[in-house]
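# Descriptive analysis of the structure
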Amino acid sequence: MERYFQPEMECASREDMVALQNEKLKKQVQHVWENVPYYRAKMEEKGVTPDDIQSIDDLYKLPLISKKDLREAYPYGLMGAPLRDCVRIHSTSGTTGKRVVAFYTQNDIDLWEDCCARALVAAGATKDDVCQVSYGFGLFTGGAGLNGGSHKVGCLTIPMSSGNTDRQIMFIEDLQATILCATPSYAAYLGERFKELGMGPDDIPLKAGIFGAEAWSEEMRQDIQNTLGIKAYDIYGLTELSGPGVSFECSEQTGMHVNEDHFLPEIIDPDTEEVLPVGTEGELVFTSLDKEGFPLLRYRTRDICVLSRAKCSCGRTLIKMKKPKGRSDDMLIIRGVNVFPSQIEAVLINQGYQANYQILVDRVNNTDTLEVLVEMTPEMFTDNLGEINARQRKIVEGLKSMLGLKAKVTLVAPKTITRSEGKAVRVVDKRKI
Ligand code: DLL
């Protein structure tokens with residue numbers, strides 16, 4: 001029987017949860033109306049006042065907001081509490097334009113850490129565990145969030161941050177770490193390094209991993225699980241809403257439970273902005289229900305996924321979201337076909353490669369070109385051209401049947417594609433340059 005960190009919320013009846021959400025939503029809308037002039041102006045423009053929002057069924061009446069609004073209101077325009085009540089900021093790692101800066105009151109941090117603690121407990125963490133937090137610490141939310149959650153559970157916490165891979169391995173071994181928190185690409189890299197050092201799954205003390213912050217395929221999960229000898233749990237979140245722990249996976253591994261007592265999810269059609277029924281794929285939109293420092297109503301995440309109310313064997317009643325396919329703004333449109341990097345990754349891992357690849361997109365004579373550089377694993381490395389050609393052809397065929405697109409595939413030697421300690425950069429789209 002699985003344990004819960006806050007069973008009264010994680011396993012609440014639907015009726016109790018909706019009653020709580022209704023009450024919190026009304027309060028949050030009033031809070032925003034009174035404290036966030038930028039959003040109040042948007043409500044006024046749409047002719048909506050807090051009186052129009054009596055329950056979660058009225059949510060659709062509120063205006064949507066997007067990253068564009070966050071940039072426009074930068075830095076203080078969406079702050080929902082006086083500066084003197086805020087105790088921390090975190091910021092996104094966006095490469096273009098202004099970064100998003102999110103503010104936290106002490107209460108916001110407390111609730112956020114509870115969400116991360118729920119994720120850790122769902123992955124089997126107890127006071128007896130040693131939890132190595134290898135997400136970056138600093139402006140990025142990964143390190144701070146899981147570190148705080150791990151303290152709440154009472155694990156012995158190693159605030160490792162990312163990088164210095166051999167030191168990471170030394171601590172895992174010497175302190176017998178049982179839980180690893182990292183991006184999936186960094187976890188895969190650690191797995192590679194363990195292999196190089198001659199260590200197999202049975203020699204590695206880890207039992208579970210909490211991996212997120214980027215899209216990763218089911219195939220990559222299997223690969224990491226086998227290499228490290230662990231159960232790999234997905235975790236989702238975004239800086240704008242707090243950080244990791246907006247949703248988390250349980251032992252069923254069929255999607256992530258949304259902490260819907262704090263974050264109310266909707267799925268919309270990204271083009272028409274119409275709300276879609278549960279079970280339909282679309283863009284995920286979240287409303288924070290009790291944030292003070294940086295409350296967000298109907299925030300468009302750009303993440304494409306599906307919600308599900310299917311009963312879960314773990315006993316949690318929190319709604320689930322499927323692994324996001326990717327972001328609508330990471331989706332490549334190549335010769336008119338929608339392509340997510342995670343689809344390419346699935347083909348490669350199915351054929352025995354690891355998630356070390358790079359996708360190059362360009363436009364030649366007005367036609368989009370797609371090239372995929374794929375690293376051979378040390379076991380398959382060869383200079384036999386016939387064999388390389390056959391392998392390349394097999395990947396081309398796999399991609400053709402997955403995407404319906406012809407791609408150029410180039411196999412490269414092991415260790416030639418740069419490894420990432422945080423979120424991996426997999427796509428080089430020269431068409432945008
Ligand atoms: O990545 C927060 C986080 C840290 C989540 C550690 C999980 C673990 P941002 O840097 O603001 O925040 O990026 C948020 O990353 O909108 C998604 O596109 C993507 N993302 C996050 N988790 C997942 C996941 C953190 N499990 C953006 N699967 C989000 C797929 C994810 N994409």
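The numbering scheme is per chain: residues are counted from 1 as the chain's sequence reads. Confidence filtering applies because this is a predicted model: local features only for residues at pLDDT of at least 70, side-chain atom pairs given and counted only at 80 or more, and all residues used for totals across whole chains, interfaces and linings. Values reported for side chains reflect all heavy atoms of the structure, with hydrogen atoms and water molecules removed beforehand.

Considered domain by domain, the protein chain is made up of domain 1 (7-328) and domain 2 (333-429). Here the bounds of each domain stem from an automatic or database domain assignment. Placing a centre on the C-alpha atoms of domain 1 and another on those of domain 2 gives a separation of 30 Å. Residues count as neighbours in contact if any of their non-hydrogen atoms are within 4.5 Å of one another. Contact residues are listed per partner, giving 22 residues for domain 1 and 17 residues for domain 2. Between domain 1 and domain 2 lies a buried interface of about 1700 Å² when both sides are counted; carbon and sulfur atoms form 52% of it. Salt bridge, as used here: a side-chain nitrogen of Lys or Arg that lies within 4 Å of a carboxyl oxygen of Asp or Glu. Here domain 1 and domain 2 share three salt bridges between them. In this structure, the salt-bridge partner of Glu192 is Lys415, at a minimum N-O distance of 2.8 Å. Whenever two N or O atoms come within 3.5 Å, that pair is a polar contact, provided that in protein one can donate a hydrogen and the other can accept it, and provided that, for residues adjacent in sequence, both atoms are side-chain atoms. For the interface between domain 1 and domain 2, the tally reads 10 residue pairs in polar contact (both at pLDDT 80 or more). Defined in terms of a 1.4 Å probe, buried area is the accessible area two parts forfeit on being brought together, summed over both.

With that out of the way, let us pick up the environment of Pro75. Looking at the secondary structure, you find Pro75 in the loop between α4 (67-72) and β1 (86-91). Remark: exposure states derive from per-residue accessible area (1.4 Å probe, protein chains only) relative to the maximum for the residue type, with buried under 20%, exposed over 50%, and partly exposed in between. According to the relative accessible area criterion, Pro75 is partly exposed, its value standing at 35%. A sequence separation of 10 residues divides Pro75 from Asp85, and the C-alpha atoms of the two residues are 16 Å apart. Strands are runs of DSSP state E lasting at least two residues, helices are runs of H or I lasting at least four, and both sets are numbered from the N terminus onward.

As a structural note, the neighbourhood of the ligand is formed by 21 residues, with Asp234, Ile235, Thr239, Asp303 and Lys423 the closest of them. Ala213 is positioned such that a nitrogen or oxygen atom in its backbone is 3.1 Å from a nitrogen atom of the ligand. A distance of 2.5 Å is found between an oxygen atom of the ligand and a side-chain nitrogen or oxygen belonging to Thr239. Exposure was quantified through the Shrake-Rupley algorithm and a 1.4 Å probe, taking into account, for residues, occlusion by the shown protein chains and nothing else. A total of 610 Å² of accessible area belongs to the ligand in isolation, and the protein chains cover 95% of it. Where the shell around the ligand is concerned, the elements lending two or more residues are α6 (141-153) and β7 (231-238). With five residues, the single largest contributor to the shell around the ligand is β7. By residue class, the composition of the shell around the ligand is nine nonpolar, six polar and six charged. Nearness here has a simple test: a residue counts as near a molecule or strand if at least one of its heavy atoms is within 4 Å of that partner. We call Asp, Glu, Lys and Arg charged. Ala, Val, Leu, Ile, Met, Phe, Trp, Tyr, Cys and Pro are nonpolar, and the rest, Gly among them, are polar.

Another point: the packing of helix α7 (residues 165-174) against helix α8 (residues 184-196). The description of two helices packed together rests on the angle between their axes and the distance between the axes. Under this scheme, a helix contributes an axis fitted over its contacting stretch, all axes are lines through C-alpha atoms, and angles between N-to-C directions fall in the 0 to 180 degree range. Two numbers describe how α7 lies on α8: the axes approach to 10 Å, and their chain directions differ by 75°. It follows that α7 is roughly perpendicular to α8 by the angle criterion. Contacts from Thr165, Asp166, Gln168, Ile169 and Ile172 of α7 reach α8 at Tyr186, Tyr189, Leu190, Arg193 and Phe194. Its residues assigned to classes, the contact of α7 with α8 shows six nonpolar, two polar and two charged. For classification purposes, an angle smaller than 35 degrees is called roughly parallel, one larger than 145 roughly antiparallel, one from 65 to 115 roughly perpendicular, and anything else oblique.

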